[in-house]
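Take a look at the letters that make up each chain.
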Amino acid sequence: MTSRLLLFISCIIISTLLINACKNSHDDNALPETVSYNFDIRPILSDKCYACHGPDANKRKAGFRLDIADSAFAPLKETKGAFALVPGKPEKSELYKRISSTDPTYQMPVPESHLGLLSEHQIALVKKWIEQGAKYERHWAFTPPVKKPLPKVDDKKWVKNEIDYFTLSKMKEKGLTPNEEADKEILLKRVTEDLTGLPPSIQAMDDFVNDKSDNAYEKAVDRLLQSTAYGEKMAVHWLDVARYADSYGYQDDNIRTQWPWRDWVIHAFNENLPYDKFITWQIAGDILPNANKEQILATGFLRNHKYTEEGGVIPEEYRIEYLIDKTKTYGRGILGITIECAQCHDHKYDPFKQKDYYSLLAFFNNTKEAGFEGDVSVSKPAKNPILEINDEDRKNLLRFINDRDTGKLTVSVMGERDTLRKTYVLQRGVYDKPTYEVRPAALPAVMTFDSTKYPQNRLGLAMWTVDKNNPLTARVFVNQMWQEFFGRGIVKSSGDFGMQGDIPSHPQLLDWLAVDFMEHGWDIKRLVKQIVMSATYRQSAVVTKDKLDIDPENVYLSRGPRIRLSAEFIRDMVLSSSGLLVRTIGGPSVKPYQPKGLWEQATSGRGVLATYKQDHGDSLYRRGMYTFIKLTVPPPSMIIFDASNRDQCEVKRLTTNTPLQALIMMNDPTVLEASRVMAQKLSEEKKDENYNLTKAFRLIICRKPSDKEIKILQSYYNDELQSFKQNKLSADTTLQQGEYKQVDTLDKSSAAALMKTIEMIYNMDEAITK
């Protein structure tokens, strides 16, 4: 044989081995005793079959559907005498015969679909499902949750509350065991960051470590839940959902005053407004009986979308755009579904018809909002309908609104027309191509909208949404809350509970929590406390090689969460640890340090936001959530750390790791100023370097350093100190960071060396990880 032929044969053998390895990669997974259509079969069919045999009539092949039982069990139109599914008889079922075939002219999926063949494990699942009767089930997320009995577990000593029964049972099923509880300092940092978005103080650390009582942790949790910082932390996620920003977007991108709505969200979380009211007020607060200004203000949720101020636009086109945005935000943020996919045609995977989409949109179609208003040369901070807030309101009902100025505030809110505006299904979603009329109605595939029970307006939609029989609302919110604490929802695709979404890792736990949440008055603080009090949450995040091999993403929760802080909370950690943080709650958004020229390079040249005018004084040291968000140029340091750009509803942020993030931590003016201020404050205490380094480490990392860590810090400090004393580095230049007052009475070389060492601590991975 020639060497070329040998090489060719070797390639064939290697390719075959790789294909077989891929097909058999799940073969060692044991088949479940009872194969579930929802959790075992539907995901396979959705990935491999629905593209050609699913809900989309335009893409359907051979007139055959696999997503509904009536079609799946019917005789095949193009293969006489054959059936796709014959319950109990896989050998007579065309589905099984084709997915298990090796004949490219017969097998499914067909090679040209590029969907890939089923693995041996998937084929075995389908076979066993057919053997067990090929029973179809309604999609799990569209079936009301049921609170099943707690699973039986062996290690009841580990269990802290009901959550742990479900997680421990799943761990055992996967051959995993739980970790021990995290060290007290690490646990306190985790829960303090999770509940307030801020690091614990040294006093809080000492109190917690020294408290030997059995309920020391619960006392710490209760204290954090009562902190006003809790509302700020919880609000950040909802601002992503609600696409909150401080400008209108589009070309001119002028300023808007939606921040009173943002302050209401903080207030609502701090006051523990039940979630059913929280949602009802935001959807329909303006049409509640005897609605007050707080309830009307809540409807700003539906007005946070972009708004054009450009000349020459077609008002109706943009009015429809705003309605589409409202519908998408409601669908994704509250129901966890991709309803926007039915804007132009029937949904390709979920049972949502285009008619259903426009029937849902009809609820929002009767607002007084216009597609365009006013003179292009004059920008107004709010667009009709408008809520006016005066000094008397701020002294009474709306005391949570923090505004140093006197006079009238205006906020864009919802408001109904006196006459009903007709809604039409739009051909291909085009604003000027109406077809037939539809009436307001919620999604029938989720839950019937009973017009004798619910009015056909936004209040009726809100009532339908928070009805305890609605299978989505409680599940979706509980999942979002779980995601906030563990970095991943029980349903990973937290914005898609539909057919193409991920199945829940712990379906019984999700349902138990959802029902329990509703049974206890939609109490958000109670839900949050349940999660953080669980042994599951309190575990050490240490991971062994075996656990990493079995469960690299910690889906089955056999270790505690270890997650990087969100963008806003990285800023908050830096400001709080250094003593710079100004704890004022609410008020107009602020403009801290930012590289020059960014706004100027992306502007029409019109309006007050054409150039970036940095704030000074206390405004430089506010929490990250108060940083001014201009939609066309979001805050650069926060975007680099994966903050939402807020141009659309976002229920889960991306998580990236890039060199730019390291550059931010090493060069951002706020980090450098915080390092300088902390160094000067520590130097003023007149203690030795060991004290200074230990305290700095505790303030930033939130635990006591080990002897090894102290030696490294001391070595780095001494090296830097020598460099400054020998004028290899300039102490004066190093210390000239930020606008916060300088302390000129200190030894500059020592202060600069300490500043550089603190910078290094801020750049530890542990500093920005909880």
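Just so it is clear, the model here is predicted, and its values are computed rather than measured.

**Observations regarding the overall build of the protein**
- When helices and strands are tallied, the protein shows 31 helices and 4 strands.
- Computed over its C-alpha atoms, the radius of gyration of the protein comes to 29 Å, within 12% of the 27 Å expected for a compact globule of 770 residues.
- Considered along the principal axes of its C-alpha atoms, the protein spans approximately 95 × 75 × 65 Å.
- Relative to its full complement of 770 residues, the protein shows a buried share of 54%.
- When contacts within the protein are restricted to residue pairs at least 6 apart in sequence, long-range pairs at least 24 apart make up 70% of them.
- Averaging the locations of the 105 positively and 104 negatively charged side chains of the protein gives two centres separated by 2 Å.

**A look at the packing of helix H26 (residues 659–667) against helix H27 (residues 669–684)**
- Look at H26 against H27: their axes get within 5 Å of each other, and the N-to-C directions meet at 40°. By the angle between their axes, H26 is oblique relative to H27. On H27, the residues touching Ile664, Met665, Met666 and Asn667 of H26 are Pro669, Val671 and Leu672.
- When grouped by side-chain class, the residues that make up the contact of H26 with H27 number 6 nonpolar, 1 polar and no charged.

**Let's talk about the pattern of salt bridges**
- Going through the model one piece at a time under the given rule, you end up with 46 salt bridges.
- A salt bridge links Asp154 to Lys172; the nearest nitrogen and oxygen atoms lie 2.9 Å apart. Here Lys172 lies in helix H7 (residues 162–173) and Asp154 lies in the loop between helix H6 (120–131) and H7, a separation of 18 residues in the sequence.
- Under the relative-accessibility criterion, Asp154 is labelled exposed at 68%.
- Relative accessible area serves as the criterion here: at 59%, Lys172 is assigned to the exposed category.

**Here we look at H6**
- Helix length check: H6, at 12 residues, gives a terminal C-alpha distance of 16 Å against a target of 16 Å (1.5 Å per residue), a fit within 8%.
- Along H6, the residues that are buried comprise His121, Ile123, Leu125, Val126, Trp129 and Ile130.

**Examining the state of the cysteines**
- The final tally for this structure, using the stated rule, is 0 disulfides.
- Not part of a disulfide, Cys52 finds its nearest cysteine sulfur in Cys49, a span of 8.8 Å.
- Not engaged in a disulfide, the cysteine Cys649 finds its nearest cysteine sulfur in Cys341; these two sulfurs lie 13 Å apart.

**With respect to helix H20 (residues 507–519)**
- Its 13 residues place the ends of H20 18 Å apart at the C-alpha level, agreeing with the 18 Å of an ideal helix rising 1.5 Å per residue.
- Buried residues dominate H20, accounting for 10 of its 13 residues.
- The set of residues buried in H20 consists of Leu509, Leu510, Asp511, Trp512, Leu513, Ala514, Val515, Asp516, Phe517 and Met518.
- Check the buried side of H20 and you find it contacts H7, helix H13 (275–284), helix H19 (473–486) and helix H21 (524–533).

**Examining a nonpolar patch on the surface**
- The grouping of Leu660, Leu663 and Met666 at the surface amounts to a nonpolar patch, some 270 Å² of accessible area in total.
- Looking at where Met666 falls in the secondary structure, it is placed in helix H26.

**A word on the packing of aromatic side chains**
- Under the definition given, this model contains 36 aromatic pairs.
- Taking the centre distance of 5.7 Å and the plane angle of 20° together, the rings of Phe477 and Phe517 count as stacked. Remark: Phe517 occurs in helix H20 and Phe477 occurs in helix H19; sequence separation between them is 40 residues. With respect to class, Phe477 is no different from Phe517; both count as buried.
- Both rings, one in Phe485 and one in Tyr537, keep their centres 6.2 Å apart while their planes meet at 85°; by these two values the pair is edge-to-face. Residue Phe485 is found in helix H19, and its partner Tyr537 is found in helix H22 (residues 535–538); the two are separated by 52 residues along the sequence. For the pair shown, Phe485 and Tyr537 are each scored as buried.
- For Lys147, the ring lying beneath its charged end belongs to Trp512, and the centroid distance is 4.6 Å.

**Side note on the packing of helix H29 (residues 707–725) against helix H31 (residues 748–762)**
- Remark: H29 packs on H31, axes separated minimally by 8 Å, with the N-to-C direction vectors making an angle of 140°. When the interaxial angle is binned, H29 and H31 end up oblique. Our pair here, H29 against H31, has a crossing hand that is right-handed. Here H29 contributes Leu713, Tyr716, Tyr717, Glu720, Leu721, Phe724 and Lys725 to the contact with H31, which in turn contributes Ser749, Ser750, Ala752, Ala753, Leu754, Lys756, Thr757, Met760 and Ile761.
- Counted by class, the contact of H29 with H31 contains 10 nonpolar, 3 polar and 3 charged residues.

**Quick look at the confidence of the model for the protein**
- Averaged over the protein, the pLDDT score is 94; the fraction of residues at 70 or greater is 96%.
- For the stretch residues 4–28, pLDDT sits under 50, and the model shows 11 contacts to residues farther than four places along the chain or on other chains.

**Structural notes on the nonpolar core**
- Ranked by internal contacts, the top residues of the largest apolar core, which has 172 residues, are Trp238, Trp261, Trp264, Phe278, Trp464 and Tyr762.
- Every residue in contact with Trp261, bar those within four places of it in the chain, is listed here: Trp238, Leu239, Ala242, Tyr244, Gln282, Leu297, Ala298, Gly300, Phe301 and Asn304.
- In terms of nonpolar packing, the next biggest core, distinct from the first, is built from 25 residues, Ala72, Leu125, Val126 and Tyr136 among them.

**Some remarks on the side chain of Ser493**
- By secondary structure assignment, the location of Ser493 is in the loop between H19 and H20.
- When residues no more than four places from it in sequence are discounted, the contact partners of Ser493 are Gly501 and Asp502.

**Topic: the environment of Gly415**
- With respect to the element layout, Gly415 can be found in the loop between strand E2 (409–412) and strand E3 (423–426).
- Note: C-alpha distance between Gly415 and Asn384 (31 residues apart in sequence) is 8.5 Å.
- With sequence-adjacent residues up to four places away left out, Gly415 is seen in contact with Asp286, Asn366, Thr367, Lys368, Pro385 and Arg458.

**Digging into unusual backbone geometry**
- Here the bond from Met108 into Pro109 is cis, since omega is -5°, no more than 30 degrees from zero.
- If you trace the backbone, Pro109 turns up in the loop between helix H5 (94–99) and H6.
- Note that the residue after Asn384, namely Pro385, is joined by a cis bond; omega there is -5°.
- The phi dihedral of His114 is positive, around 60°, even though this residue is not glycine.
- Residue class for His114 comes out exposed when judged on its relative accessible area of 71%.
- We note that Trp522 has phi near 55°; this positive angle belongs to a residue other than glycine.
- Since its relative accessible area comes to 3%, Trp522 is described here as buried.

**Structural notes on the side chain of Asp668**
- Within the fold, Asp668 resides in the loop between H26 and H27.
- Buried charged residue Asp668 carries no salt bridge. Nearest counter-charge: Arg571, at 5.8 Å.
- Once residues within four sequence positions are removed from consideration, Asp668 is found in contact with Ser637 and Leu663.

Parameters and conventions
Residues numbered from 1 in each chain as written. Predicted model: local features only at pLDDT ≥ 70, side-chain atom pairs only at ≥ 80, totals over all residues. Heavy atoms only, no water. Helix = DSSP H or I, 4+ residues; strand = E, 2+ residues; numbered from the N terminus. Rg over C-alpha atoms; globule rule 2.2 N^0.38 Å. Buried < 20%, exposed > 50% of the residue type's maximum accessible area, 1.4 Å probe, protein only. Contact = heavy atoms within 4.5 Å. Lys, Arg positive; Asp, Glu negative; His and termini not counted. Charge placed at Lys NZ, Arg CZ, Asp CG, Glu CD. Axes fitted to C-alpha atoms, helices over the stretch in contact; angles between N-to-C directions. Parallel < 35°, antiparallel > 145°, perpendicular 65-115°, else oblique. Nonpolar A, V, L, I, M, F, W, Y, C, P; charged D, E, K, R; others polar. Salt bridge = Lys/Arg side-chain N within 4 Å of Asp/Glu carboxyl O. Expected span 1.5 Å × (residues − 1). Disulfide = S-S within 2.5 Å. Patch = residues over 30% accessible without salt bridge, like charges linked within 9 Å, V, L, I, M, F, W, Y side chains within 5 Å. Areas by Shrake-Rupley, 256 points an atom, 1.4 Å probe, with all protein chains shown as cover. Phe/Tyr/Trp six-rings, centres within 6.5 Å; stacked < 30°, edge-to-face > 60°. Lys NZ or Arg CZ within 6 Å of the ring centre and 35° of its normal. Left-handed = near helix turned anticlockwise from the far one by under 90°. pLDDT = per-residue confidence, 0-100. Core = buried A, V, L, I, M, F, W, Y, C linked by side-chain atoms within 4.5 Å.

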